[in-house]
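Structure at a glance
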Amino acid sequence: MINKKVDSVQDAIAGITDNMTIMFGGFGLCGIPENTIAALVARNTTNLTCISNNAGVDDFGLGLLLQKKQIKKMISSYVGENAEFERQMLSGELDVELTPQGTLAEKCRAAQAGIPAFFTPAGYGTEVAEGKEVREFNGKMHIMEEAFKADFAIVKAWKGDEAGNLIFKGTARNFNACMAGAAKITVAEVEELVPAGTLDPNQIHIPGIMVQRIFQGEKFEKRIEQRTVRKRE
């Protein structure tokens, strides 16, 4: 039986070194690999290029890596609620590559599928298209986008088994699903880890072939980036 379980988060991030490119699953603070991020902060891995929807908030998620200046470049679709991200971007301390959100997702999915590049109309006629090949399809202009090339993809799932099969819960599926298998090594952080063969095959979202390492996280804070409630009448 294939067993991809590692005993700790430290074993899961073995081989991650300075100057690497890493994908981080999640959308804002939803479905982020909290334990793995904390371990990278503690290890003080630096000069990272991070591919993620955004960079969390000032004191949580990828914002913790930003605080310690461990990220040299962010490839994201928006700045979000992170004031430090905004400050470093505007001051020139942080290299930021803003990418249309659908393009960001497709660059992950293309890497996952082994497709080197694709054409999309998103970004044509804007700064996003500068220096990129342009072609016309069905009377509409498209730009060529290359798939991401990452050393590690770190994703978070609700449940997984020792063979690496993953099940996501609700909106936490987000970028995690398209990042799994989109790098040289995929690390899956899960809330619950069960023996192989336990999960219903019909419920599995990502097959184990896409995952090289899996571990069970110790705790998950699951912060909400913005909570909006209605006043009681």
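Residues numbered from 1 in each chain as written. Predicted model: local features only at pLDDT ≥ 70, side-chain atom pairs only at ≥ 80, totals over all residues. Heavy atoms only, no water.

Some details on empty space enclosed by the protein
Formally: A pocket here means an open set of points on a 1 Å grid, computed over the protein atoms alone, that has protein on both sides within 12 Å along at least five of seven lines. A cavity is instead a set of points where a 1.4 Å probe fits but cannot get out; residues with an atom within 4 Å of a point line either one. Grid points are joined across faces, edges and corners, and a volume is the space filled by probe spheres set on the points. Think of it as three bins: nonpolar holds Ala, Val, Leu, Ile, Met, Phe, Trp, Tyr, Cys and Pro, charged holds Asp, Glu, Lys and Arg, and polar takes everything else, Gly as well.
Scanning the model with the defined rule gives one cavity of 30 Å³ or more in all. Taken as a whole, the largest cavity holds about 50 Å³ of empty space. Its residues assigned to classes, the lining of the largest cavity shows five nonpolar, five polar and no charged.

Looking at the side chain of Asn 165
How we decide: Helix numbers and strand numbers start at the N terminus; a helix is a DSSP run of H or I with at least 4 residues, a strand a run of E with at least 2. Partly exposed describes any residue whose relative accessible area lies between the buried limit of under 20% and the exposed limit of over 50%, with all areas from a 1.4 Å probe on protein chains only and scaled to the type maximum. We call two N or O atoms a polar contact when they sit within 3.5 Å, provided that within protein one can donate a hydrogen and the other can accept it, with sequence-adjacent residues counted only if both atoms are side-chain atoms.
Within the secondary structure, Asn 165 is located in the loop between β8 (150-161) and β9 (166-167). When its relative accessible area of 16% is taken as the criterion, Asn 165 is described as buried. Only 3.0 Å separates the side chain of Asn 165 from the side chain of Asp 161, close enough to count as a polar contact. Within the local environment of Asn 165, its side chain forms a polar contact with the backbone nitrogen of Gly 208, the two atoms lying 2.7 Å apart.

Digging into the layout of surface pockets
Approximately 370 Å³ is the volume attributed to the largest pocket. Around the largest pocket, the lining is made up of 19 residues, and of these Glu 97, Lys 107, Glu 145, Glu 146 and Phe 148 lie nearest the centre. For the lining of the largest pocket, the secondary structure elements donating two or more residues are β2 (48-51), β3 (71-76), β4 (95-98) and β7 (140-146). Considering every element that reaches the lining of the largest pocket, the biggest residue donor is β7, with three residues. Looking at the lining of the largest pocket residue by residue, the class counts come to eight nonpolar, three polar and eight charged.

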